[in-house]
Amino acid sequence: MAIMRHRRAAAPDEDEDDDSQILLSMPANPSKPPAHQLLNSDPIHAGFLMKRSRHVLWHMVLGPRCCKDAWKSRFFILSGTYLFRYTSDSGRKPKGVPLPVDCCSFRAASTEEEDEAAAAGQTPRGVGFVVSTVRKEYHLRADSVQERNTWLRMLRASKQRAIKEHLGHAPV
């Protein structure tokens, strides 16, 4: 049985302009805020990182020696319990889906991964790290070891806070 909902008829004395003004002031998609909005809301951490871009189909068809990984500069914002990535610090919408940090794991890149990238002349050693979700691994690199360690520390602290909030052990 279908449930039907009826819209309440507006009383003649109500002002419909107030409702339309509220709707016009709302963002088009609140789950994908522009970068400037997040930067103005006091994010936990923000900055440029290099993200590895690999075309999986070409690697499977032609082999890994044929296609080199491309490293693209992305602006990352850690705000609340989500990691957002943008093409620039003035991006209008995030690239892809924001990553919930409570569902991610974070680690420094292994020596094998760093050796492989360094042999290809793509990155210096000691600055890479990996953000893993259930479906995907994001290989990132910072400009320095200190910057990488700061990102890892901030991501892990944000994950701890998010888990405590979900369990009710910390104020929301």
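The structure under discussion appears in the preceding block.
Residues numbered from 1 in each chain as written. Predicted model: local features only at pLDDT ≥ 70, side-chain atom pairs only at ≥ 80, totals over all residues. Heavy atoms only, no water.

Novice: An account of unusual backbone geometry is requested, with residue identities and associated values reported.
Specialist: A positive phi angle, close to 60°, is found at Asp-42, a residue other than glycine. Within the secondary structure, Asp-42 sits in the loop between helix 2 (35-40) and strand 1 (45-53). (Helix = DSSP H or I, 4+ residues; strand = E, 2+ residues; numbered from the N terminus.)

Novice: Please set out the environment of Ser-53 residue by residue, giving values where relevant.
Specialist: Residue position: Ser-53 is located in strand 1. On the basis of relative accessible area, Ser-53 is assigned to the buried category, the value being 13%. Residues Ser-53 and His-139, 86 residues apart in the sequence, show an inter-C-alpha distance of 8.4 Å. (Buried < 20%, exposed > 50% of the residue type's maximum accessible area, 1.4 Å probe, protein only.)

Novice: Give a detailed account of the sheet that holds strand 3 (residues 82-86), specifying residues and quantitative values.
Specialist: With antiparallel pairing, the seven strands of this open sheet are ordered in space as 4-3-2-1-7-6-5. Where the open sheet ends on each side, the last strands, each with one partner, are strand 4 (99-100) and strand 5 (105-108). When strand 2 (residues 70-79) meets strand 3, the two strands line up antiparallel, connected through five bridges. Of the residues in strand 3, the one forming a bridge with Ser-79 is Tyr-82. Lying on the sheet, helix 5 (residues 145-167) is in contact with strand 1, strand 2, strand 3, strand 5 and strand 6 (128-132); it crosses strand 5 at an angle near 160°. (Pairing = 2+ DSSP bridges. Contact = heavy atoms within 4.5 Å. Axes fitted to C-alpha atoms, helices over the stretch in contact; angles between N-to-C directions.)

Novice: Which residues make up helix 5, and what values do they have?
Specialist: With 23 residues, helix 5 extends 33 Å between its outermost C-alpha atoms, agreeing within 8% with the 33 Å of an ideal straight helix rising 1.5 Å per residue. For helix 5, the set of buried residues is Arg-148, Trp-151, Leu-152, Leu-155, Ser-158 and Ala-162. Lining the buried residues of helix 5 we find strand 1, strand 2, strand 3, strand 5 and strand 6. Downstream of helix 5 by one or two residues, Gly-168 has phi in the positive range, about 85°. (Expected span 1.5 Å × (residues − 1).)

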